[in-house]
Amino acid sequence: MDPEAGPEVGEVRCARERREVIATARRMTDDRLVVGTSGNVSVRCGDLVAVTPSGVDYDQLRLRDIPLVDLDGVVVDGELKPTSELPMHLVAYREHDAGAVVHTHSLHATALSLLRDDVPAVHYQLADYGGSVAVAEYATFGSDELARSVSAALAGRTGCILRNHGTVTTGDTLGKAYNRARQLEWLCELWLTASRVGEPRLLDDAELARCVDLFSGYGQTPR
């Protein structure tokens, strides 16, 4: 279903952000970062947040299905109830200045969370998260306890892994948050693949810190 179909598009509040949420949620399924309706996506629209609804097939989403909530979680527009993981998203906005949040149930990252407390420094791409990526301690999905655990793991970082659960990544745009979700899954798959046949050689702390500095100026400078 085309989320832009119908005459309502021009009348929908935060239509661009809602459309972006739908497109990203569908990408998560296509990229096998989630199965079914698991995982969720959100992005800021001024003082509001557009977020995926609870338990709806992403292929069936329309713009008005995407709830708009304020930073206290109060729904101000939308026909459906927000994801049960809303507290986790809101804490990233309130406490970590996120512009967008992506939560996946990706296979390799979740598998790593059963074995370790962090993502080993197998590649310099960890620098994009601000350094080592922590595994947040387990708490029941949708709970305030989980939101607090995620907030602690996100301190100074743009991503974390949730034990027995999945990943959370942030960015100033939804595109950046999503790319970090994909990269984090790749990093975990890399470690799991290497560790099957031996002890992976890791980057030392000094090199990782050097890469963090380099990443701070990486990319294109606006003209």
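Our structure's up above, just so we're on the same page.
All values reported here derive from a predicted model rather than from experimental measurement. (Residues numbered from 1 in each chain as written. Predicted model: local features only at pLDDT ≥ 70, side-chain atom pairs only at ≥ 80, totals over all residues. Heavy atoms only, no water.)

A. The overall build of the chain, seen in detail. From N to C terminus, the chain includes six helices and eight strands. Beginning at the N terminus, the succession of helices and strands in the chain can be written as α-β-β-β-β-α-β-α-β-α-β-β-α-α. Relative to the globule expectation of 17 Å for 223 residues, the C-alpha radius of gyration of the chain, 17 Å, shows essentially globular dimensions. Seen through its principal axes, the chain has C-alpha atoms that stretch 55 × 45 × 30 Å. In the chain, the share of contacts with a sequence separation of at least 24, taken over all contacts with a separation of at least 6, comes to 63%. Carbon and sulfur atoms form 48% of the exposed surface of the chain, whose accessible area is close to 11,100 Å². Of note, the chain has its 23 positive side-chain charges centred 2 Å away from the centre of its 33 negative side-chain charges. (Helix = DSSP H or I, 4+ residues; strand = E, 2+ residues; numbered from the N terminus. Rg over C-alpha atoms; globule rule 2.2 N^0.38 Å. Contact = heavy atoms within 4.5 Å. Areas by Shrake-Rupley, 256 points an atom, 1.4 Å probe, with all protein chains shown as cover. Lys, Arg positive; Asp, Glu negative; His and termini not counted. Charge placed at Lys NZ, Arg CZ, Asp CG, Glu CD.)

B. Spotlight on helix α1 (residues 15-30). Between its first and last C-alpha, α1 extends 23 Å over 16 residues, near the 22 Å set by a 1.5 Å rise per residue. Taken residue by residue, α1 has Ala15, Glu17, Arg18, Val21, Ile22, Thr24, Ala25, Arg26 and Met28 as its buried positions. The elements touched by buried residues of α1 are β1 (40-45), β2 (48-51), β3 (68-70), β4 (75-77), β5 (100-104) and α5 (174-195). A positive phi of about 60° marks Arg32, the residue just after α1. (Expected span 1.5 Å × (residues − 1). Buried < 20%, exposed > 50% of the residue type's maximum accessible area, 1.4 Å probe, protein only.)

C. Highlighting the pairing of β2. What you see with β2 is no split at all: Leu48 and Ala50 on one side and Val49 and Val51 on the other are buried throughout. One ladder, built from four bridges, connects β1 with β2; its direction is antiparallel. Bridging from a neighbouring strand, Val43 pairs with Ala50 of β2. Between β1 and β2, which pair antiparallel and follow one another directly, the connecting turn spans two residues, one of which, Gly46, has a positive phi of 65°. Summarising the sheet, β2 and β3 pair through three bridges and their orientation is antiparallel. Within β3, the position partnered with Ala50 by the bridge is Leu68. (Pairing = 2+ DSSP bridges.)

It is worth stressing that arrangement in space is one thing and function is another; only the former is reported here.
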